[in-house]
Amino acid sequence: MAVHRRLQLSEVGDVSVIRFVDRKILDEANIQELGQELFQLIEEEKRQNLLLNFSSVEFLSSAALGKLITLDKKVKAHGGKLKLSNIRPEIYEVFAITKLNKLFDIKDDEADALASF
Amino acid sequence: MSKDPLAWTIERTIPSELEAGHSVLAELLTRLEAENWTTRDIFGIRLALEEGVVNAIKHGNRFDASKQVHVICISTPEKIWIQITDQGQGFDPECVPDCTAPEHIEAPNGRGIMLMRNFMACVEYSESGRVVTMEKLRADAS
């Protein structure tokens, strides 16, 4: 079983619910590590359906957005689904400005997101 | 004209290492929080400074250890003014692809400048793209 330093993982049915350990996702080294851990879920652990719960995240930079876009591509390539939830207003604005709110399936809360898989 | 007694300046020259920007950012945030700037203002200023410094180190100086980044933040009760200068080759901000265009929406890079422009009142490049100057008015300034 892989070790996840940047992620907290739980299972709800066939969905892997992921919470972030870091409240601020901006440091380049942390983002690289976070990206590797997320990609590992798909490529090595063969998980298909991922829900990223952002409730603990207070800040993220554009470098983090790049990792999420790459993750989305990988999930789709493996026939799975990626959803995001619990994004606070300032961070949702980052997604809206960059129009990534149209690329990602973003739900208000975890229950909404789980019901939509 | 006398200087505003409530104005303050943070001025630092940092090496081309991503971690080096953290101390400037931390000092700025401490000051803004102490002066009760709104959460949204602080979020936007933090994002703009973070993206600007990362761009200067990564794309401007290309992590060249012989080059530095100069950061100045000047705050008054009404607004904050930030200038970031690198020692790189410069670039034309008009030539940065629109990351919201359908053909670029999945590109992993290129969103920093767009976020800076949206969260700050104005963002201007000079010196062939080596200097970025940004300003934000305080949301609750009377």
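Residues numbered from 1 in each chain as written. Chains lettered and ligands numbered in written order. Predicted model: local features only at pLDDT ≥ 70, side-chain atom pairs only at ≥ 80, totals over all residues. Heavy atoms only, no water.

A. Spotlight on helix H3 (residues 112–119) of chain B. Looking only at H3(B), the buried set comprises B:Gly112, B:Ile113, B:Leu115, B:Met116 and B:Phe119. Down the axis of H3(B), the buried side of the element spans an arc of 160°, and every buried residue falls inside it. Tucked into the core, H3(B) has its buried residues touching helix H2 (62–77) and helix H3 (89–97) of chain A together with helix H2 (39–60), strand E4 (122–126) and strand E5 (131–137) of chain B. (Buried < 20%, exposed > 50% of the residue type's maximum accessible area, 1.4 Å probe, protein only. Helix = DSSP H or I, 4+ residues; strand = E, 2+ residues; numbered from the N terminus. Arc of directions from axis to C-beta. Contact = heavy atoms within 4.5 Å.)

B. Main features of the sheet that holds strand E2 (residues 15–20) of chain A. Residues and elements named next belong to chain A. If you trace the five strands from one edge of the open sheet to the other, you get E1-E2-E4-E6-E7, paired in mixed fashion. Edge positions in the open sheet fall to strand E1 (7–12) and strand E7 (105–107), since each of these has one partner strand only. Pairwise comparison of adjacent strand axes, ignoring direction, gives a mean angle of 25° for this sheet. (Pairing = 2+ DSSP bridges. Axes fitted to C-alpha atoms, helices over the stretch in contact; angles between N-to-C directions.)

C. Inspection of the sheet that holds E5(B) at higher detail. All names here are of chain B. The strand order across the open sheet built from five strands is E1-E2-E3-E5-E4, with neighbouring strands paired in antiparallel fashion. Because the sheet does not close on itself, it has two edges, and the strands there are strand E1 (8–15) and E4. Shown here is a sheet whose adjacent strand axes are inclined to one another by a mean of 10°, direction ignored. Of the strand pairs in this sheet, strand E3 (residues 79–85) and E5 are connected by seven bridges, and their pairing is antiparallel. Bridge pairing in E5 links Ile80 to Lys136. The sheet contacts of helix H1 (residues 21–34) involve E1, strand E2 (68–75) and E3, and relative to E1 the element is tilted by about 165°. Docked against the sheet, H3 engages E4 and E5, running at close to 130° with respect to E4.

D. Structural context of the nonpolar core. Ranked by internal contacts, the top residues of the largest apolar core, which has 38 residues, are A:Leu38, A:Leu52, A:Phe54, A:Leu71, A:Phe95 and A:Phe104. Beyond its immediate chain neighbours, meaning those up to four positions away, A:Leu38 contacts A:Leu7, A:Ile18, A:Leu52 and A:Leu71. One finds B:Trp8, B:Leu25, B:Leu49 and B:Ile84 within the second-largest nonpolar core, a separate group that totals 30 residues. (Core = buried A, V, L, I, M, F, W, Y, C linked by side-chain atoms within 4.5 Å.)

E. Quick look at the interface of chain A and chain B. Opposite the 23 residues of chain A that make contact, chain B presents 21 residues. In total, about 2100 Å² of surface goes out of reach between chain A and chain B, with carbon and sulfur atoms giving 66% of it. If you sort the residues of chain A by the area they bury against chain B, A:Phe59, A:Glu90 and A:Ile97 come out on top, with a joint share of 27%. Residues B:Arg40 and A:Glu93 are paired through a salt bridge, measuring 2.3 Å at the closest nitrogen-oxygen approach. Linking chain A to chain B there are two residue pairs in polar contact (both at pLDDT 80 or more). If you list the elements that add at least two residues to the side of chain A that touches chain B, you get strand E5 (59–60), H2, H3 and helix H4 (100–103) of chain A. The element that contributes the greatest number of residues to the side of chain A that touches chain B is H2(A), accounting for six residues. Class assignment for the residues of the side of chain A that touches chain B results in 10 nonpolar, five polar and eight charged. (Buried area = accessible area lost by both parts, 1.4 Å probe. Salt bridge = Lys/Arg side-chain N within 4 Å of Asp/Glu carboxyl O. Polar contact = N/O pair within 3.5 Å; in protein donor to acceptor, adjacent residues only side chain to side chain. Nonpolar A, V, L, I, M, F, W, Y, C, P; charged D, E, K, R; others polar.)

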